[in-house]
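One-letter residues, chain by chain:
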Amino acid sequence: MLNLVEIGKYIVKLRVEHNMSQQELADALYVTHQAVSKWENGKALPNIEILVSLTKLFNITIDQLIRCGIDEKDDITQLLNTYPREYILHQLLQGKLKFEIKDILYLLSNSEREMILNIKTN
């Protein structure tokens, strides 16, 4: 579920990083400063056309915008919940993810830990 308040905070962060006022952002997107204020306060989301324009303006993806800048690859919990866990564990063991096994053991079931041990010893 989208968290409008967090997305709004992220829009503020991006706007400030680009040294823009609400009015300047509004002008760049051809909307009112009231619309920008609603987004930034978590009361509304831009429509899809504005989202695309916003991402082009800030040079980010829509996924980065709605995830508030958190790259899916930086969130092991999200990876484990989104993709088949066995696939993620194999990627991890092959060094294709930046996480250390010891740092995520608490997220794994006993059978997943056993699978890792079996793979490591073979």
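Everything here concerns the structure above.
Calculation criteria
- Residues numbered from 1 in each chain as written.
- Predicted model: local features only at pLDDT ≥ 70, side-chain atom pairs only at ≥ 80, totals over all residues.
- Heavy atoms only, no water.
- Core = buried A, V, L, I, M, F, W, Y, C linked by side-chain atoms within 4.5 Å.
- Buried < 20%, exposed > 50% of the residue type's maximum accessible area, 1.4 Å probe, protein only.
- Helix = DSSP H or I, 4+ residues; strand = E, 2+ residues; numbered from the N terminus.
- Arc of directions from axis to C-beta.
- Contact = heavy atoms within 4.5 Å.

A. Fine view of the nonpolar core. Within the largest apolar cluster, 17 residues are counted, with the highest numbers of intra-cluster contacts made by Ile-11, Leu-25, Trp-39, Leu-54, Phe-58 and Leu-65. For this core, the elements supplying multiple residues, two or more each, are α1 (4-17), α2 (22-29), α3 (33-40) and α4 (48-58). Ranked by size, the runner-up nonpolar core spans 13 residues in total, among them Leu-79, Phe-99, Ile-104 and Leu-108.

B. Focus on α2. Among the residues making up α2, those that are buried are Leu-25, Ala-26 and Leu-29. Angularly, the buried residues of α2 cover 100° about the axis, an arc narrow enough to put them on a single face. The inward-facing, buried residues of α2 contact α1, α3 and α4. Count one or two residues on from α2 and you reach Tyr-30, which has phi positive near 60°.

C. Layout of α3. Of the residues making up α3, those classed as buried are Ala-35, Val-36, Trp-39 and Glu-40. For α3, the arc enclosing every buried residue in end-on projection is 135°, short of the 170-degree limit, so these residues lie on one face. For α3, the secondary structure elements touched by its buried residues are α1, α2 and α4. Positioned one or two residues after α3, Gly-42 has a phi angle of 75°, which is positive.

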